[in-house]
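# Structural characterization, general
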Number of protein chains: 2
Amino acid sequence: MAGDSHHPERSAVAALAEEFLAGLREWLTIPSIGVDPAHHADVHRSAQWLADRLRADGWPEVEVWDHGPALPAVYACWPAADPGAPTVLVYGHHDVQPVDPVDRWHHPPFEPVTSGDELLGRGASDDKGQVAMHLLAVKAHLAATGRNAPGVTLKLFIEGEEESGSPHLRKLLEDHRDDLGCDLVVFTDTGVHDRDTPTVNTGQRGVLGGEITFFGGTDDVHSGRAGGAIPNPATALARLVAALHDEDGRIQLPGFYDDVREPTERERADYAALPFDERRWLAQNAGGAQAVAGEPGYTTFERIWVRPTAEVNGLSSGYTGPGLKTIIPASATAKISFRLVPDQLPENVAGQLREFVAQHTPDGIRAEVSFRGTGVPPYAISPDDPANEAVRDALELAFDQPVRFARAGGSGPAAVLQAWLGVPLVYLGATLPDDRVHAPNERVVVPLLLKGAEAAAHLWRMLPERLTR
Amino acid sequence: MAGDSHHPERSAVAALAEEFLAGLREWLTIPSIGVDPAHHADVHRSAQWLADRLRADGWPEVEVWDHGPALPAVYACWPAADPGAPTVLVYGHHDVQPVDPVDRWHHPPFEPVTSGDELLGRGASDDKGQVAMHLLAVKAHLAATGRNAPGVTLKLFIEGEEESGSPHLRKLLEDHRDDLGCDLVVFTDTGVHDRDTPTVNTGQRGVLGGEITFFGGTDDVHSGRAGGAIPNPATALARLVAALHDEDGRIQLPGFYDDVREPTERERADYAALPFDERRWLAQNAGGAQAVAGEPGYTTFERIWVRPTAEVNGLSSGYTGPGLKTIIPASATAKISFRLVPDQLPENVAGQLREFVAQHTPDGIRAEVSFRGTGVPPYAISPDDPANEAVRDALELAFDQPVRFARAGGSGPAAVLQAWLGVPLVYLGATLPDDRVHAPNERVVVPLLLKGAEAAAHLWRMLPERLTR
């Protein structure tokens, strides 16, 4: 085919595809569920599998960083032939989500199966598939260019705690500051907009999660004895939650929007140009929600990508079993998480929530607020950044079509990596929003993974000319 | 003592007290927990124990009504010597509450113990103690008057399903319409205001309990995928709960207050004259609540006795385990119960709640409302009713001090009995608000039970002259 002759990377990927898939399937059989201590040995096995594979692929420097308390990360380096070439650090993770509810899987989650052009199994998309994609990319890059070293110095940093919220990432970065030095980070844990619409992701929201508990008395009280004459913590908490948004859905924490960066006209135009089928989005991306809703003046994509949000994740109070218990509960708890956008900082929002709770705690109620960790900061990079333009051009070569910029609504350690390493961070991924990551029957679309590998191979070739050192 | 010579009933009660306590302790060893099917055999044993005791006491007519599905009730009748004497039906129950949390009891709940002037055990106060009080009262009445039949025709109706909400009471009343005919009901499942303040109860609030569920999507959704762009059922439910009361705590169901009967000046004056120690009330009656709160313009007693209330009994939505799950829940549920006052009807309030929920269900949310049974109607009788004045006078004789009228904030089948039997219903009881009924370490104050028995003995003597037939 004509395309193949123009893009030797494409031919190289095609030639290596079968071997690539066999390896990925083998890796997917290892249940590296990092959040489950019963599977920590599997996380170690997974790291070892990856290290062995990298060595077999010819990576000259491969290490398993396994000095607790962090679950093992895999580090590898392949220096460029040209000592002046830029250094790129590829970030991904090899731990996977739990598989509950396991009875909703159509096959055992760690016995991957192929169906049409899909590969199904836990981790196929998030994130083993995309890490394996990079291993393939390097081999294709070398084969296509006929070199025995990549065009850029490549470093791989594949952590084992992403699904646990990367609790030891800062420590790993600190301990390995010298190893991890680079000119650019390529973050590989996001994907493209849809099968027919390749996109470059340019950011992720941050997240801060916490818990608010309102205490009334020391015990639940029979509502016949005191109902109507003492504060009900469940009612008080409902009033606080109701006050969290105004009628338009704007979040009422004091100063919450002060640091919110509005999207540029160019970004808004890019998002508006993406195909959006509301019914399909509700069914496939929004858990079967019945309607869209949100902040006026913003589209659905803007609401989930560039606007912050406050969501109740859980409520609990009093009696919740079958039937009825006519009590005034002693306490009520709401779990609430905020998705944050640049330039909001989780620590500032934590303070705003404490202030908001203090303002909304009525007489006779005592409030407790706690947070899960320190939160994840948001991250975004301009579509105009030269590295981002290089990624876009690499994807256009691989997909043979124009590529737009988009963002992701979820969260990841991009801002931490960027801040710690002090270099730009770009996203390169080829998975889909409806890959059922974190859910039963996770899958990856194999032709997209191959396109992603081709794009990465293009990128390693192109970057030395495109990166301003 | 002078008192004894004036009140032969008092001497008779004192002479019978030891035998009375021995019998009650025996009955309290039977764990007749009606709500627990594992204890249904014990409910049968309890009914049999009572029937045997009544026969031993000389009641000429004793039946165990044990034709399911109702748990067994005990019926007994002792005709007055004078065929023209009025007939009084005494209502009580022999089923008891569960004992959870059992580890907070200081002794096994069904091995009653004596401590000072208290008898401790499940059912000591609610309601076996008060039923036994009536058995003692009849014996004392006969002994004091030297007769071999009571001054009024006495009927006992002691049901076995009160703690289950009396689900078959209407059926029992229907099946035994001829047996249960009477001129007055004496309801014995409430008590006096405090140890030093004897009172006659004149009413109970009704209750209607239900559950509201808001449904969003079919599945929980990762808040990174859709957060900010779809309705959150937990937030929507919190807004509904917040809207249930206005800033003054007035309930916002449409028409909710239309049928509410204001207390009379005499009733308000009676309640205002009762001793009230706010700190003690909060600690002993309100589960250690930190402050009183409620509808402006009403005292605490008015708020719990003569004003209706809406209380959230439970909230549940999304993830409520340890840590955090950043989801938008698929649904959210609130259990809510209303305490009602005359002349509110549970069926009307059910309709008002359905209307309120419809008004407060936002786009994209589907609501379901369900009720537990048909509710319990409120009941109150005027302090000026001649039967009520007779009860007050009987209590004044027994307690040697003035007796005021009060009410109870809880609920019971008084209205059902009154409506079905078509005669006045008065309350006679001698338990205390801090008897820890429905809670660990339930107790009854024995000298108060003996006063109650004396008052009942006075009442059976006095009633023929006092009751207008």
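Residues numbered from 1 in each chain as written. Chains lettered and ligands numbered in written order. Predicted model: local features only at pLDDT ≥ 70, side-chain atom pairs only at ≥ 80, totals over all residues. Heavy atoms only, no water.

The next thing to look at is the domain arrangement of chain A. Residues and elements named next belong to chain A. What the domain assignment lists for chain A is domain 1 (2-204 + 378-466) and domain 2 (206-260 + 308-371). Taking only C-alpha atoms, the centre of domain 1 and the centre of domain 2 are 39 Å apart. Taking both sides of the interface into account, the surface hidden between domain 1 and domain 2 amounts to around 480 Å²; carbon and sulfur atoms contribute 62%. There are 0 salt bridges connecting domain 1 and domain 2. (Domains from an automatic or database assignment. Buried area = accessible area lost by both parts, 1.4 Å probe. Salt bridge = Lys/Arg side-chain N within 4 Å of Asp/Glu carboxyl O.)

With that out of the way, let us pick up the nonpolar core. With 93 residues, the main nonpolar core has F157(B) and W460(B) as its most contacted residues. Once residues within four sequence positions are removed from consideration, F157(B) is found in contact with W65(B), A73(B), V74(B), L89(B), V90(B), Y91(B), G92(B), L169(B), L172(B), L173(B), L180(B) and L417(B). Listed in part, the 91 residues of the second largest apolar core include L28(A), L395(A), A414(A) and L425(A). (Core = buried A, V, L, I, M, F, W, Y, C linked by side-chain atoms within 4.5 Å. Buried < 20%, exposed > 50% of the residue type's maximum accessible area, 1.4 Å probe, protein only. Contact = heavy atoms within 4.5 Å.)

Residues and elements named next belong to chain A. Of the two faces of strand β7 (residues 184-187), the one holding L184 and V186 and the one holding V185 and F187 are both buried throughout. Judged from the 4 bridges that link them, strand β3 (residues 87-93) and β7 form a sheet pairing that is parallel. In the strand pairing of β7, V90 is matched with V186. The pairing of β7 with strand β17 (residues 425-427) spans 3 bridges and is classified as parallel. When the sheet's bridge partners are listed, F187 is paired in β17 with Y427. (Helix = DSSP H or I, 4+ residues; strand = E, 2+ residues; numbered from the N terminus. Pairing = 2+ DSSP bridges.)

Each partner contributes residues to the interface: chain A has 82 residues there, and chain B has 82 residues. Carbon and sulfur atoms supply 50% of the area buried between chain A and chain B, which totals about 6000 Å² over both sides. Sorting the residues of chain A by area buried against chain B places R225(A), L315(A) and L324(A) first, and these three jointly supply 12% of that buried surface. For the pair chain A and chain B, the interface holds 4 salt bridges. E247(A) serves as the salt-bridge partner of R239(B), at 3.5 Å between the closest nitrogen and oxygen. For the pair chain A and chain B, the interface holds 56 residue pairs in polar contact (both at pLDDT 80 or more). Taken together, the residues that form the side of chain A that touches chain B break down as 30 nonpolar, 35 polar and 17 charged. Here strand β11 (residues 309-318) of chain A runs beside strand β11 (residues 309-318) of chain B; their pairing, made up of 5 bridges, is antiparallel. (Polar contact = N/O pair within 3.5 Å; in protein donor to acceptor, adjacent residues only side chain to side chain. Nonpolar A, V, L, I, M, F, W, Y, C, P; charged D, E, K, R; others polar.)

Attention now goes to the packing of aromatic side chains. Counted under the stated rule, the structure contains 28 aromatic pairs over all chains. Residues F301(A) and W305(A) carry aromatic rings whose centres are separated by 4.6 Å and whose planes lie at 5° to one another, so their mutual orientation is stacked. With a gap of 4 residues between them, F301(A) and W305(A) both fall in helix α11 (residues 300-305), about one helical turn apart. Look at F301(A) and you get buried, because its relative accessible area is 7%. Each ring, one from W27(B) and one from W49(B), has its centre 5.1 Å from the other, and the planes form 15°; the classification is stacked. With W27(B) in helix α2 (residues 8-28) and W49(B) in helix α3 (residues 40-57), the pair connects residues that are 22 residues apart, well separated along the chain. (Phe/Tyr/Trp six-rings, centres within 6.5 Å; stacked < 30°, edge-to-face > 60°.)

Before going further, it helps to spend a moment on the sheet that holds strand β15 (residues 379-380) of chain A. All names here are of chain A. One open sheet accounts for 3 strands, arranged β15-β8-β16; its pairing is mixed. The open sheet is flanked by β15 and β16 (404-408), the only strands paired with a single partner. Bridge analysis of strand β8 (residues 199-204) against β15 gives 2 bridges, and the strand direction is antiparallel. By the bridge assignment for β15, Q204 is matched with Y379.

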